[in-house]
Amino acid sequence: MQTFQTDLLCIGAGLAGERVAIEAAAAGFDVTCLSLVPARRSHSSAAQGGMQAALGNCAMGEGDSPDVHFEDTVKGSDWGCDQEVARLFCDNAPIAMRQLAAWGVPWNRVVPGKSTYFKGGKLFEKEEKQEKEGLITARAFGGTAKWRTCYTSDGTGHTVLYTMDNRAVQLGVVVHDKVEALSLIHDGENCLGAVVRCLKTGELRVYLARVTLIATGGFGRIYRESTNAVINDGGGLIIALDTGVVPLGNMEAVQFHPTGIVPTDILVTEGCRGDGGTLLDKNEHRFMPDYEPDKSELASRDVVSRWMTHHMRQGLGVPSPYGDHLWLDIRHLGCQHLATKLREVDEICKNFLGIDPSKNLIPVRPTQHYSMGGVRTDKDGLAYGLKGLFSAGEAACWDMHGFNRLGGNSLAETVVAGMIVGAKVVDYLRDHQVSYPTGLIRDFAANQQDRIKRLISKADGKENVFTVRNAMYDALMHGAGIFRNGKDLEACVQTLQEVHERTNKIGLRSNGRGANPELALALRLPGMVRLALCVAQGALQRTESRGSHAREDYPERNDRDWLVRTLATWQPGAPLPTLNYEPVSQVWSIPPGERGYGGGKIIPADPKE
Amino acid sequence: MARNLTFSIFRYNPQDPVSVPHTDTFVLDETNHMTLFIALNRIREEQDPGLQFDFCCRAGICGACAMVVNGRPGLACHTKTKDLPDAITLMPLPFFTLVGDLSVDTGTWFRNMAQRVRSWVHTDKEFDPKALEERMDNAVAEEIYELERCIECGCCVAACGTAIMRPDFLGAAGLNRLARFVLDPRDKRTEQDYFDIVGNDQGIFGCMGLLACEDVCPKHLPLQDQLGMLRWKMGWAGIMNLLPWKRK
Ligand SMILES: Cc1cc2nc3c(=O)[nH]c(=O)nc-3n(C[C@H](O)[C@H](O)[C@H](O)COP(=O)(O)OP(=O)(O)OC[C@H]3O[C@@H](n4cnc5c(N)ncnc54)[C@H](O)[C@@H]3O)c2cc1C
Ligand code: SF4
Ligand code: SF4
Ligand code: FES
């Protein structure tokens, strides 16, 4: 078996992983990043909108500051975030954006003079200042008081990731792509590296490291319908959970976006509705005003997703071979508007659906989009439970998003957290030495080898891996989707436990040789079901509605009992996760209050006498 | 009416001693809005769980799913079956190392390319976290972005006659990458520095200018213009090079 040794092992080579890697490499340490795909194909490249930082350069961003950004972030989180972390994030975001500019990101810049923009379908005028010419500009995004989202046309994630990877190449960061981490190596106290399968040859490898970082992005692919890349299946969270000592934070906080296209669940931007698009049902009836007379399609993401789901449950969805959906109508906006302001949407419709949105309706449905939960870390990015284990990016619960992250805050998080956590990793590497017990390493590797053998020889059964995975999808979509309630969640937990049992009986139908994809899924699926159980069990216990977590049977946000973060660990062999709770924040710069959107009753933390 | 589609797919698993290169046939009923992403996944789930292919974003942004569809390199995720005849032949991209079936290793090649063209901004300026960002003209930023839209899918290299003959050829993607930095005012490399990288047959002088690359680029990058610009600039740099008194 091949063994590699390095100072820092980054599991994940998206923006978060590479940003941490760069910090350590710049300080002279050996760094190896692992990735399922070439680094530049990581999901970070798919973000188009942009990333938030309070630079305040553009006219509509005037008067912006980290304080305003902080307030938006805390409100957006529905007071579920760690305020110390949110503060760190907002203060450092401008530095991170400027650094990216120095490294080569072609940010769009301020062009002085008058120009027009749309709001709520209406035309307005603004004027950019001469003295700001050439500074990084920004665009509007949901939930922000100012225009704060820095962007490069419609390819922000792409340009930032390519720049980051360029920097990594320059500093000699090693990336091993087409590999998959299957387990961490640890002694219950220290993390020592990982057992990894090569997705080119199928062989197992061992990576030993003084520091291991989990930066594997989101786990959207435990849901059938997700805007996430097909590789976002929670690999990093699974290996953390499987240690039995590292907790995952707030796994029940899962964000759904109203307009993923059917069938492929590719995202079409909120801008469609912002610019006047409407949602129609199977009778081509515009239904949102029936539920939300004031805001209609422009209510917040969670609210619109919820009503869409409700409406389809009434039997008013459009049936299709891919399940029910609704229509998004932007025909009335006109060709001119579509070709300029909604260019991407126009392209997505033509490329993936073969329809022209100026003439045809777009099939859409709410789709899993972002995972606020992840490996719980402290403000330095150090994971709870094991020494030498860090986490950053969407895989981490650092936790500045609480129960709902704002658009533009997650891409910014990857680089800001990467910068901050990277510096802490460097400190840690300077202070800590480890030794690697060979017996322990052999055991971890043998364990994975054994799983592979049993799957190929069907030693434990003949369950079809795709059938079992579909059973997980069905259970989650039904019980732990957009709307949740005690009865459905209980059924969901129960079903998922049965599905979990079945994952132990999977046998391969193919021969499992080489880079076999059936084997890869069979190795990953039991862990994915455990993640699903963390989501469902966490949601079942949380008897309130906060941010994206909406309980029909507990519609109020309950600050009295639930101003806490869920911590899920999994004891080896246990049927369910163990749930513990900690206060969401140690510091309260802003006391819990109204979010200003979404409505709903709040049970206050200290009821007034 | 719904068609039955017949897929002829190249099969070979280099890790399996009993595997030999051959073609397998799969039949599938076509559904509305079906793409090759949907079709291949259904074939894997319903008919052959060992079938290897790559998808990642499945939205035309990551470049993972390039393959040869009925003889032409392109992205499988945004290829709709309704635009294809009912007989569909799928082959892996040539030129890159085969991982298995339709999956190839583009990562190694592109990483190597990044190292060869030294794909980063060359500057001796230190980043100052307290200073404002350096200003840049928005039009310049947008021009750089136009060239930076390459998704490293490998279609252009796979379609390139020179690349097939010279495995060390930088390809349109590599030359385009360099052009991106030539354009970038932050990059302080001189023309001579660029010439040292591409002023040879592995670079710009190997290109036969036959346009296959631009034809297949799924992002419609202006590859010909960039190749032309580099050839012109590098031609000049080459002449300067011959005149010792002009050398810096
Ligand atoms: C369609 C879409 C649009 C978005 N747009 C925006 C936006 O406009 N603004 C914004 O702020 N946010 C946006 N987001 C969210 C944002 O893109 C992500 O949160 C962010 O990019 C995550 O970055 P990351 O570095 O944490 O993970 P990723 O970029 O997902 O990288 C994960 C890395 O881990 C690797 N990996 C995973 N598992 C394993 C394993 N087991 N072994 C080895 N390697 C592994 C992967 O190969 C990859 O390299 C969007 C998300 C989606 C889905
Ligand atoms: S124009 Fe040059 S780079 Fe493009 S395909 Fe022809 S030889 Fe290759
Ligand atoms: S230049 Fe075009 S064809 Fe070539 S790798 Fe880039 S995106 Fe693909
Ligand atoms: S899967 Fe990303 S481009 Fe096709």
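Because the structure is predicted, anything quoted here is derived from the model rather than measured.

Rules of the game
- Residues numbered from 1 in each chain as written.
- Chains lettered and ligands numbered in written order.
- Predicted model: local features only at pLDDT ≥ 70, side-chain atom pairs only at ≥ 80, totals over all residues.
- Heavy atoms only, no water.
- Pairing = 2+ DSSP bridges.
- Helix = DSSP H or I, 4+ residues; strand = E, 2+ residues; numbered from the N terminus.
- Near = heavy atom within 4 Å.
- Polar contact = N/O pair within 3.5 Å; in protein donor to acceptor, adjacent residues only side chain to side chain.
- Axes fitted to C-alpha atoms, helices over the stretch in contact; angles between N-to-C directions.
- Contact = heavy atoms within 4.5 Å.
- 1 Å grid on protein atoms, 1.4 Å probe; cavity = no way out; pocket = protein on both sides within 12 Å on 5 of 7 lines; lining within 4 Å.
- Points joined across faces, edges and corners; volume = space filled by probe spheres on them.
- Nonpolar A, V, L, I, M, F, W, Y, C, P; charged D, E, K, R; others polar.
- pLDDT = per-residue confidence, 0-100.
- Buried area = accessible area lost by both parts, 1.4 Å probe.
- Salt bridge = Lys/Arg side-chain N within 4 Å of Asp/Glu carboxyl O.
- Buried < 20%, exposed > 50% of the residue type's maximum accessible area, 1.4 Å probe, protein only.
- Core = buried A, V, L, I, M, F, W, Y, C linked by side-chain atoms within 4.5 Å.
- Phe/Tyr/Trp six-rings, centres within 6.5 Å; stacked < 30°, edge-to-face > 60°.
- Lys NZ or Arg CZ within 6 Å of the ring centre and 35° of its normal.

## Focus on the sheet that holds strand S18 (residues 396-397) of chain A
All names here are of chain A.
- Spatially, five strands are ordered S18-S16-S11-S22-S23 in an open sheet, and the strand pairing comes out mixed. Whereas interior strands pair on both sides, the edge strands pair on one side only; in this sheet they are S18 and strand S23 (578-583).
- Both strand S11 (residues 248-249) and strand S22 (residues 564-569) contribute to a ladder of two bridges, which runs antiparallel. Within the sheet, the bridge partner assigned to Gly249 lies in S22 and is Leu567.

## Side note on the site of ligand 1
Residue and element names in this part refer to chain A.
- Taken together, 37 residues lie around ligand 1, and Ser42, Ser44, Glu394, Ser410 and Leu411 are the ones closest in.
- Contact distances for ligand 1 include 2.9 Å between a nitrogen atom and a backbone N or O atom of Ala181.
- In the model, a nitrogen atom of ligand 1 is placed 3.5 Å from a nitrogen or oxygen of the Arg405 side chain.
- Within the residue set of the shell around ligand 1, elements represented by two or more residues are helix H1 (15-26), strand S2 (31-35), strand S8 (179-186), strand S15 (362-371) and helix H11 (409-431).
- Looking at the shell around ligand 1 element by element, the count peaks at four residues for H11.

## As for the sheet that holds strand S12 (residues 254-261) of chain A
Residues and elements named next belong to chain A.
- The strand order S12-S15-S14-S13 describes an open sheet built from four strands, whose pairing is antiparallel. Edge positions in the sheet fall to S12 and strand S13 (278-280), since each of these pairs with one other strand and no more. Strand-to-strand twist in this sheet, taken as the mean axis angle between neighbours without regard to direction, amounts to 45°.
- Where strand S14 (residues 326-329) meets S15, three bridges bridge the pair, whose relative direction is antiparallel. Residue pairing across strands places Trp327 opposite Pro363, the latter belonging to S15.
- In the packing of helix H8 (residues 301-316) onto the sheet, contacts are made with S12, S13, S14 and S15, and the angle to S12 comes to roughly 65°.

## Observations regarding empty space enclosed by the protein
All names here are of chain B.
- Counted under the stated rule, the structure contains four cavities of 30 Å³ or more.
- There is about 90 Å³ of room inside the largest cavity.
- Along the walls of the largest cavity sit 13 residues, with Cys150, Cys153, Cys156, Cys217 and Leu221 positioned nearest its centre.
- Taken together, the residues of the lining of the largest cavity sort by class into ten nonpolar, one polar and two charged.
- Within this model, the second largest cavity holds a volume of roughly 70 Å³.
- At the level of secondary structure, the elements contributing two or more residues to the lining of the second largest cavity comprise strand S3 (66-69) and strand S7 (103-105).
- Class assignment of the residues belonging to the lining of the second largest cavity gives a composition of nine nonpolar, three polar and two charged.

## Here we look at the confidence of the model for chain B
- Within chain B, residue pLDDT values average 91, and 95% of them lie at 70 or more.
- Scored as a whole, the predicted complex attains pTM 0.95, and scored at its interfaces, ipTM 0.95.

## Looking at the interface of chain B and chain A
- The partner chain A presents 79 residues to the 69 residues of chain B that form the contact.
- At the boundary of chain B with chain A, total buried surface from both sides reaches about 5800 Å², with 54% on carbon and sulfur atoms.
- Linking chain B with chain A are seven salt bridges.
- Ionic pairing is found between Glu133 of chain B and Arg98 of chain A, a salt bridge with its closest N-O pair at 2.7 Å.
- Among the elements of the structure, helix H1 (36-46), S7, helix H2 (107-116), helix H3 (138-148) and helix H6 (171-183) of chain B are those that each provide at least two residues to the side of chain B that touches chain A.
- With six residues, the single largest contributor to the side of chain B that touches chain A is H3 of chain B.

## Some points on the environment of Ile456 of chain A
All names here are of chain A.
- As for its placement among the helices and strands, Ile456 is situated in helix H12 (residues 438-457).
- Sequence separation between Ile456 and Leu508 is 52 residues, and the spatial gap between their C-alpha atoms is 5.5 Å.
- When residues no more than four places from it in sequence are discounted, the contact partners of Ile456 are Leu508, Asn511 and Gly512.

## Section: the site of ligand 2
Residues and elements named next belong to chain B.
- Taken together, 13 residues surround ligand 2, and among them Cys160, Thr162, Cys207, Met208 and Cys213 come closest.
- Looking at the shell around ligand 2, the elements that each hand over two or more residues are helix H8 (212-216) and helix H9 (223-242).
- Of the residues belonging to the shell around ligand 2, the class tally is ten nonpolar, three polar and no charged.

## Concerning the pattern of salt bridges
All names here are of chain A.
- All chains considered together, the criterion is met by 62 salt bridges over all chains.
- One salt bridge in this structure joins Lys75 and Glu71, with 3.7 Å as the shortest N-O distance. Of this pair, Lys75 and Glu71 both sit in helix H2 (residues 66-76), four residues apart, roughly one helical turn.
- Classification of Glu71 by relative accessible area gives partly exposed; the value is 39%.
- A salt bridge links Arg542 to Glu544, with the nearest nitrogen and oxygen atoms 2.8 Å apart. Pair check on accessibility: Arg542 and Glu544 agree, each one buried.

## Digging into the environment of Arg3 of chain B
Residue and element names in this part refer to chain B.
- Considering the arrangement of structural elements, one finds Arg3 in the segment before strand S1 (4-11).
- With 26 residues separating them along the chain, Arg3 and Asp29 place their C-alpha atoms 5.9 Å apart.
- Separated by 3.0 Å, the side chain of Arg3 and the backbone oxygen of Thr81 make a polar contact.
- Within the structure, Arg3 has its side chain in polar contact with the backbone oxygen of Leu84 (distance 3.1 Å).

## Looking at the pairing of S22 of chain A
Residue and element names in this part refer to chain A.
- Buried residues dominate S22, accounting for six of its six residues.
- The alternating pattern of S22 places Val564, Thr566 and Ala568 on one face and Arg565, Leu567 and Thr569 on the opposite face, and all of these are buried.
- In the sheet, S22 pairs with S23 via six bridges, with the strands oriented antiparallel. Residue pairing for S23: Thr569 is matched across the bridge by Thr578.

## Some thoughts on the nonpolar core
- Core analysis: the largest hydrophobic core is formed by 106 residues, its most contacted members being Ile261 and Ile362 of chain A together with Phe7, Ile9, Leu40 and Leu90 of chain B.
- Among the elements that make up this core, the one with the highest residue count is H6 of chain B (seven residues).
- Those residues in contact with Ile362 of chain A that lie beyond four places of it in its chain are Ile261, Leu326, Trp327, Leu328, Ile330, Val345, Cys349, Leu353, Ile355 and Pro357 of chain A.
- Core analysis: the next-biggest nonpolar cluster, separate from the first, contains 70 residues, Val468, Ile482, Leu496 and Ala522 of chain A among them.

## A few points about the side chain of His176 of chain A
All names here are of chain A.
- Within the secondary structure, His176 sits in strand S7 (residues 174-177).
- Residue classification places His176 among the buried positions, given a relative accessible area of 18%.
- Once you skip the residues sitting within four places of it in the chain, His176 turns out to touch Phe4, Thr32, Cys33, Leu34, Ser35, Arg205 and Tyr207.

## Observations concerning the packing of aromatic side chains
All names here are of chain B.
- Counted by the stated rule, this structure contains 13 aromatic pairs over all chains.
- Between Phe53 and Phe55 the ring centres are 5.6 Å apart and the planes differ by 75°, which places this aromatic pair in the edge-to-face class. Residues Phe53 and Phe55 agree in their burial class; the two are buried.
- Between Phe96 and Trp109, the aromatic rings sit 5.9 Å apart at their centres with planes inclined by 85°, giving edge-to-face as the arrangement. Taken together, the residues Phe96 in the loop between strand S5 (87-91) and strand S6 (97-100) and Trp109 in helix H2 connect sequence positions 13 residues apart. The same class applies to Phe96 as to Trp109, namely buried.
- We note Arg180 situated over the ring of Phe181; from NZ or CZ to the ring centre the distance is 4.3 Å.
- Over the aromatic face of Phe181 sits the side chain of Arg189, whose NZ or CZ is 5.6 Å from the ring centroid.

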